[in-house]
There are 2 protein chains.
Amino acid sequence: MSISIKSLHITMESKMSALNEQALEYVAKYFKALAEPMRLKVLNALQDGEKNVSQLTQLSGGTQANISKHLTLLAQYNLVKRESRGTNVYYRIADPSVYELCELVCGQIGNRMTLEEDIKKLFITSNQTE
Amino acid sequence: MSISIKSLHITMESKMSALNEQALEYVAKYFKALAEPMRLKVLNALQDGEKNVSQLTQLSGGTQANISKHLTLLAQYNLVKRESRGTNVYYRIADPSVYELCELVCGQIGNRMTLEEDIKKLFITSNQTE
DNA sequence: TGACTATATAACTATACAGTTATATAGTGC
DNA sequence: GCACTATATAACTGTATAGTTATATAGTCA
């Protein structure tokens, strides 16, 4: 978990070429699981530890049915882990690499925003907005 | 570019919480751009350097119109850079972090596949398949 | 100029899926 | 058993978009 990005990149190139048609579809579906604002919001809400469906529903501002559907999908892709205790069901981030993924994306977007100053505001830190 | 994944993760957590509604949508769209098998195939084909639309059309097995559409989209998200020379238009990977993204995803899927042996075959290296 | 090639785009179809509403399932405590 | 709460799911609607076909645009060369 402490290998450098540079070596990761090299590892990547060899792995990437090894991906066949079916694997590409699999990878694409995985990205698709992360390609929904509401799901990102849910993952975001899970950063500081597990939460049950009710909590996530409230935090995300979605409906219970909708959040439940998203959680089911996230669990299918092993992005979150599910654990029922009593009548509640608790979800937690399954793998910290989810955050690494988001970091890379946010980093890229951050760089791009230096060229588009008006969108840069999107990344005002929570401290500044409070 | 040589900071460790561990520190990236920490950086990530602070950044992630700073993302507001609009930024989440932006990140989601970015993931969506990567969530198509054909686009991944095109990016894959660009790994060993720039190629024009005809070459990419042939390599990907898609139609010219379809590949052109995908390339336009990839360029919009700054995943590829466009450069026309004569009647040809050459595309190249805009940013190596695209590969880092894929590495993280492929790594995750790789781990998951140790649990699902039947899907593991998907990752047979190209040497083995030839 | 016109013929030829490469790329982009417009218009269309079919499919996938996010979100909604209503209902089912399952656990708890009486 | 019943009432209550939490979560999941079924059925539906609307929207977004991948892929197709046909056409437009633009560069090259005679």
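In this report, the structure presented in the accompanying data block is examined. Computed from a predicted model, the values in this text were never measured in an experiment.

### Let's talk about the packing of helix α4 (residues 53-60) of chain A against helix α5 (residues 64-76) of chain A
All names here are of chain A.
Phase 1: Contact pair α4 / α5: the axes reach a minimum separation of 9 Å and the direction vectors enclose 110°. In terms of orientation, α4 and α5 fall into the roughly perpendicular class. By crossing handedness, the relation of α4 to α5 is classed as right-handed. Only Q64, I67 and L71 of α5 make contact with α4, whose side of the interface consists of V53, L56, T57 and S60.
Phase 2: Of the residues in the contact of α4 with α5, the class split is 4 nonpolar, 3 polar and no charged.

### Focus on the packing of helix α3 (residues 37-45) of chain B against helix α4 (residues 53-60) of chain B
Residue and element names in this part refer to chain B.
Phase 1: Where α3 meets α4, the axes come as close as 10 Å, and the angle between the chain directions of the two elements is 120°. Between α3 and α4, the crossing angle belongs to the class labelled oblique. Note that α3 runs across α4; the crossing there is right-handed. Contacts between α3 and α4 involve M38, K41, V42 and A45 from the first element and L56, L59 and S60 from the second.

### Examining α3(B)
Phase 1: Burial analysis of α3(B) places 8 of its 9 residues in the buried class, which makes it a mostly covered element.
Phase 2: For α3(B), the full list of buried residues reads B:M38, B:R39, B:L40, B:K41, B:V42, B:L43, B:N44 and B:A45.

### What about the sheet that holds strand β3 (residues 88-93) of chain B?
Residues and elements named next belong to chain B.
Phase 1: In space, the 3 strands of this open sheet follow the order β1-β3-β2, with antiparallel pairing throughout. Edge positions in the sheet fall to β1 (51-52) and β2 (80-85), since each has one partner strand and no second.
Phase 2: Looking at chain direction, β1 and β3 are connected through 2 bridges and run antiparallel. Of the residues in β3, the one forming a bridge with N52 is Y90.

### Describing the pattern of salt bridges
Residues and elements named next belong to chain A.
Phase 1: All chains considered together, the criterion is met by 8 salt bridges over all chains.
Phase 2: Here D48 and K51 are joined by a salt bridge, their closest N and O atoms 2.8 Å apart.
Phase 3: We classify D48 as exposed; its relative accessible area is 64%.
Phase 4: With its nearest N and O atoms 3.6 Å apart, the salt bridge here joins R92 to E83.
Phase 5: The exposure class of R92 is partly exposed, given its relative accessible area of 36%.

Analysis parameters
- Residues numbered from 1 in each chain as written.
- Chains lettered and ligands numbered in written order.
- Predicted model: local features only at pLDDT ≥ 70, side-chain atom pairs only at ≥ 80, totals over all residues.
- Heavy atoms only, no water.
- Axes fitted to C-alpha atoms, helices over the stretch in contact; angles between N-to-C directions.
- Helix = DSSP H or I, 4+ residues; strand = E, 2+ residues; numbered from the N terminus.
- Parallel < 35°, antiparallel > 145°, perpendicular 65-115°, else oblique.
- Left-handed = near helix turned anticlockwise from the far one by under 90°.
- Contact = heavy atoms within 4.5 Å.
- Nonpolar A, V, L, I, M, F, W, Y, C, P; charged D, E, K, R; others polar.
- Buried < 20%, exposed > 50% of the residue type's maximum accessible area, 1.4 Å probe, protein only.
- Pairing = 2+ DSSP bridges.
- Salt bridge = Lys/Arg side-chain N within 4 Å of Asp/Glu carboxyl O.

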